[in-house]
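Notes for the structure review
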Amino acid sequence: MSSYAVAFAPGRANLIGEHTDYNQGLALPFAIGEGVTVRATALGDGRIETLAVDVGERDSFEVDDPERAEGWRAFVRGAAGELLDAGVELRGAELEITGTVPRGAGLSSSAALEVAVVLALLAVSDAPTPDRIELAKLCSRIENDWVGAQTGLLDQISSLYGERDRALRIDFRSLEVRPVALELGEFRLVTVDSGEKHTHAGSGYNERRAECARACSELGVDSLRDVTLAAADELPAPLSKRARHVITENERVDAAVAALGRADMAELGRLLDASHASLRDCYDVSTRAVEEAVHRCKLAGALGARIMGGGFGGHVIALLPPDAGQLEGALEVRPGDGARVTER
Ligand code: GLA
């Protein structure tokens, strides 16, 4: 029996394909080096005792009865609750959580937290690990049902499937995940903080999701995946713009895969810019602080820059050429390995 286990789950950056996951569309994210580590030690008394080291806070609940809570506690209790619902026999444990992903910054600290807690609880309970798509769905239920953010599967799949030097082309209709070489030579991908924090539960994220559902019901389809631009343009405002973003963003994902295949960095940059314009003008998820961050990237010579993640603040991702100028606060992001149990 394992009485001790350590799990690590990375955050993610998304190269392109934003707000497409809950529309059965396409995206091209990658796991990053930064992530959340959870150390779990089995406890005999049927409780889960958690210490969130970075915020210096604790939580304690009965393993068989995780009651609702707010903030980071919702993720830990949700992890226990969803594992119980999935039939896992959880043991009591002491959890120590530490992380290196900036929170509320569009780098998916939430998915890193969920995935790491779930993997650590499974390992310390000696329970078999479900396949990665099942795990991604379980983790996304934590966010949907315990945290109140109606997010899709982008972040969880990225964290679980990450591979060094690879982006992941995810098809959210078939749930096929295809690694795509992301070797940029002297070019760099960086993220820049807009300085504006966001939470999905509190921002316009759920509203955008509801608008897409309304667009589908007006058009009589299950998802926006096969909707044409001509059909989208018939929708009332703002649904027409929302659908236009999703349709064109899916096209940009495959155009980006093709550009990477040809090592065509100028085209990749152009696609990032086009994605940003669509997120700003059609999806309305940019803010003044984000626009300023994009502007700073362009001034430094970025070939392309766009808002990343749920929007309404958070981070911008930019593609910098070898001769880029100084870009204050830029954090290089490189594709790294996916979530794993590192010790048991
Ligand atoms: C957040 C959500 C994801 C996805 C992105 C937008 O990161 O967690 O599911 O919808 O926003 O692409």
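Residues numbered from 1 in each chain as written. Predicted model: local features only at pLDDT ≥ 70, side-chain atom pairs only at ≥ 80, totals over all residues. Heavy atoms only, no water.

1. Points about the overall build of the chain
- Looking only at helices and strands, the chain has 9 helices and 12 strands in total.
- For the chain, the spread of C-alpha atoms along the three principal axes comes to 60 × 50 × 35 Å.
- The buried share among the 344 residues of the chain stands at 56%.
- Across the chain, every contact between residues at least 6 apart in sequence was considered, and the portion connecting residues at least 24 apart equals 70%.
- Carbon and sulfur atoms make up 46% of the accessible area of the chain, which totals about 13,800 Å². (Helix = DSSP H or I, 4+ residues; strand = E, 2+ residues; numbered from the N terminus. Buried < 20%, exposed > 50% of the residue type's maximum accessible area, 1.4 Å probe, protein only. Contact = heavy atoms within 4.5 Å. Areas by Shrake-Rupley, 256 points an atom, 1.4 Å probe, with all protein chains shown as cover.)

2. Some remarks on the pattern of salt bridges
- Throughout the structure, instances matching the rule amount to 28 salt bridges.
- One salt bridge in this structure joins Asp254 and Arg169, with 2.8 Å as the shortest N-O distance. Within this pair, whereas Asp254 is found in helix H7 (residues 239-261), its partner Arg169 is found in strand E6 (residues 166-171), the two being separated by 85 residues in sequence.
- Residue Asp254 is classed as partly exposed on the basis of its relative accessible area, which comes to 32%.
- One salt bridge in this structure joins Glu207 and Arg208, with 3.0 Å as the shortest N-O distance.
- One salt-bridge network, in which partners are shared between bridges, spans Glu207, Arg208, Glu211, Lys241, Arg242 and Asp284. (Salt bridge = Lys/Arg side-chain N within 4 Å of Asp/Glu carboxyl O.)

3. Here's the deal with the state of the cysteines
- According to the stated counting rule, one finds 0 disulfides in the structure shown.
- No disulfide involves Cys212; its sulfur sits 7.0 Å from the nearest other cysteine sulfur, which is in Cys216.
- The exposure class assigned to Cys212 is buried, which follows from its relative accessible area of 1%.
- The closest cysteine sulfur to the non-disulfide-bonded Cys282 is located on Cys212, 12 Å from its own sulfur.
- In this structure Cys282 comes out as buried when scored by relative accessible area, which is 14%. (Disulfide = S-S within 2.5 Å.)

4. Brief notes about the pairing of E6
- Counted residue by residue, E6 has 5 buried out of 6 residues, so it is predominantly covered.
- When strand E2 (residues 26-42) meets E6, the two strands line up antiparallel, connected through 2 bridges. Bridged to Ala27 within E6 is Ile170.
- The sheet contact formed by E6 and strand E7 (residues 176-181) spans 6 bridges and is antiparallel. Looking across to E7, one finds that Arg169 is bridged to Arg178.
- The hairpin formed by E6 and E7 contains 4 residues between the paired strands, and Leu175 there has a positive phi angle of roughly 60 degrees. (Pairing = 2+ DSSP bridges.)

5. Topic: the site of the ligand
- Around the ligand, a shell composed of 13 residues is seen, among which Glu18, His19, Asp21, Asp155 and Tyr205 lie nearest.
- Within the backbone of His19, a nitrogen or oxygen atom sits 2.6 Å from an oxygen atom of the ligand.
- Separating an oxygen atom of the ligand from a backbone N or O atom of Gly310 is a distance of 3.2 Å.
- Across the complex, the protein chains shield 99% of the 300 Å² of accessible surface that the ligand would expose by itself. (Near = heavy atom within 4 Å. Polar contact = N/O pair within 3.5 Å; in protein donor to acceptor, adjacent residues only side chain to side chain.)

6. Here we look at the environment of Glu196
- With respect to the helices, strands and loops of the structure, Glu196 is situated in the loop between strand E8 (188-193) and helix H5 (205-219).
- With 141 residues separating them along the chain, Glu196 and Asp337 place their C-alpha atoms 28 Å apart.
- Within the structure, Glu196 has its side chain in polar contact with the side chain of Thr287 (distance 2.9 Å).

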